[in-house]
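Close look at the chain arrangement
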Amino acid sequence: MTLRTYKNKTPKSESSCYIDPSAVIVGDVRIAEDASIWPLVAGRGDVNYIQIGKRTNIQDGSVLHVSRGTDSNPEGYPLIIGDDVTVGHKCMLHGCQLGNRILVGMGAIVMDGVIVEDDVFIGAGTLVPPNKRLESGYLYVGNPMIKKRPLKESEVNFLSQSAQNYVELKNEYLEEGLSS
Ligand SMILES: CC(C)(COP(=O)(O)OP(=O)(O)OC[C@H]1O[C@@H](n2cnc3c(N)ncnc32)[C@H](O)[C@@H]1OP(=O)(O)O)[C@@H](O)C(=O)NCCC(=O)NCCS
């Protein structure tokens, strides 16, 4: 079963979303219009919630999780992903907040309390340590990450294009009747 209820919370999505049948989405997970969830994604909204924005794509093998509240941080760390975000293959997003038009390169790890502003590129394999803030308009790479350089105009434009490419791809998958 792809969409699993946990403690009376059932994942919510729109009919325009593509959710691959091999994905596992549990509990309080809210998926907005035209988002897509690709094969073998695991998203576990059990000890906090996960929100996925419009036209955002979460590519194959990525893992999404959250942290519970504590005495020092009662809200814990939900995972909030904005609109038009591309999450590449096999990424780990844990208890962080991503704005709009972001590319998370393949295999990147983004940890609790991180805030990524709008229009950011995170290179493949980057490790973003807890509680860092990534500034709008920059490329970040490396383990641990460094702020590498400002984005070129073509790269900023590509952020929306990448999301749009995935909207078109998921529409083809929906036409094939492949969504869960
Ligand atoms: C980050 C990225 C966009 C950089 O592209 P680029 O045009 O090669 O960037 P640059 O040529 O300006 O490289 C800047 C520097 O960062 C380094 N670099 C590039 N990507 C890097 C990465 N992922 N990790 C570490 N260093 C990286 C380059 O070697 C270069 O180093 P130098 O200044 O010492 O020579 C690209 O390498 C990348 O990681 N893309 C992610 C693609 C992806 O995962 N898409 C999602 C799946 S569809």
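Conventions used here
- Residues numbered from 1 in each chain as written.
- Predicted model: local features only at pLDDT ≥ 70, side-chain atom pairs only at ≥ 80, totals over all residues.
- Helix = DSSP H or I, 4+ residues; strand = E, 2+ residues; numbered from the N terminus.
- Rg over C-alpha atoms; globule rule 2.2 N^0.38 Å.
- Buried ≥ 20, exposed ≤ 12 C-beta atoms within 10 Å, placed from the backbone.
- Contact = placed C-beta atoms within 7 Å.
- Pairing = 2+ DSSP bridges.
- Near = placed C-beta within 6 Å.
- Nonpolar A, V, L, I, M, F, W, Y, C, P; charged D, E, K, R; others polar.
- Core = buried A, V, L, I, M, F, W, Y, C linked by C-beta atoms within 7 Å.

**Topic: the overall build of the protein**
For the protein, the helix and strand inventory stands at 1 helix and 19 strands. On C-alpha atoms alone, the protein measures out to a radius of gyration of 15 Å, which is about the 16 Å that the 2.2 N^0.38 rule sets for 180 residues. Counting only C-alpha atoms, the protein reaches 45 × 40 × 20 Å along its principal axes. Taken across its 180 residues, the protein has 41% of its residues classed as buried. In the protein, the proportion of contacts linking residues at least 24 apart, taken out of those at least 6 apart, comes to 25%.

**Some remarks on the pairing of strand β5 (residues 42–52)**
For strand β3 (residues 24–31) and β5, the ladder comprises 7 bridges, and the chain directions are parallel. Along β5, the bridge assignment pairs V24 with A42. Strand direction decides the pairing type here: β5 and strand β7 (residues 63–65), joined by 2 bridges, are parallel. Bridging across to β7, A42 finds its partner in V63. The sheet contact formed by β5 and strand β8 (residues 79–81) spans 3 bridges and is parallel. The residue bridging I52 from the neighbouring strand is I81, located in β8.

**With respect to the site of the ligand**
Among the 13 residues in the neighbourhood of the ligand, the closest are listed as G88, G105, G123, A124 and V141. Looking at the shell around the ligand residue by residue, the class counts come to 5 nonpolar, 7 polar and 1 charged.

**Quick word on the environment of C91**
With respect to the secondary-structure elements, C91 resides in the loop between β9 (86–87) and β10 (92–94). Along the primary structure C91 and R55 are separated by 36 residues, whereas in three dimensions their C-alpha atoms are 18 Å apart. In contact with C91, other than residues within four places in its own chain, are S62, V104, M106, G107 and A108.

**Let's talk about the nonpolar core**
Counting residues in each nonpolar core, the largest one holds 45 residues, and the members touching the most others are I37, I102, V104, V110 and I122. Examining the composition of this core, we find that 4 residues originate from one element, β3, more than from any other. Other than its neighbours up to four places away in sequence, I102 contacts V85, V116, V120 and L159.

**Some details on the sheet that holds strand β4 (residues 36–37)**
Spatially, β2-β4-β6-β9-β12-β15-β18-β19 is the arrangement adopted by the 8 strands of the open sheet, whose pairing is mixed. Each edge of the sheet is formed by a strand with only one pairing partner; in this case those strands are β2 (18–19) and β19 (146–150). In this sheet, β4 lies alongside β2 in parallel orientation, the contact comprising 2 bridges. By the bridge assignment for β4, Y18 is matched with S36.

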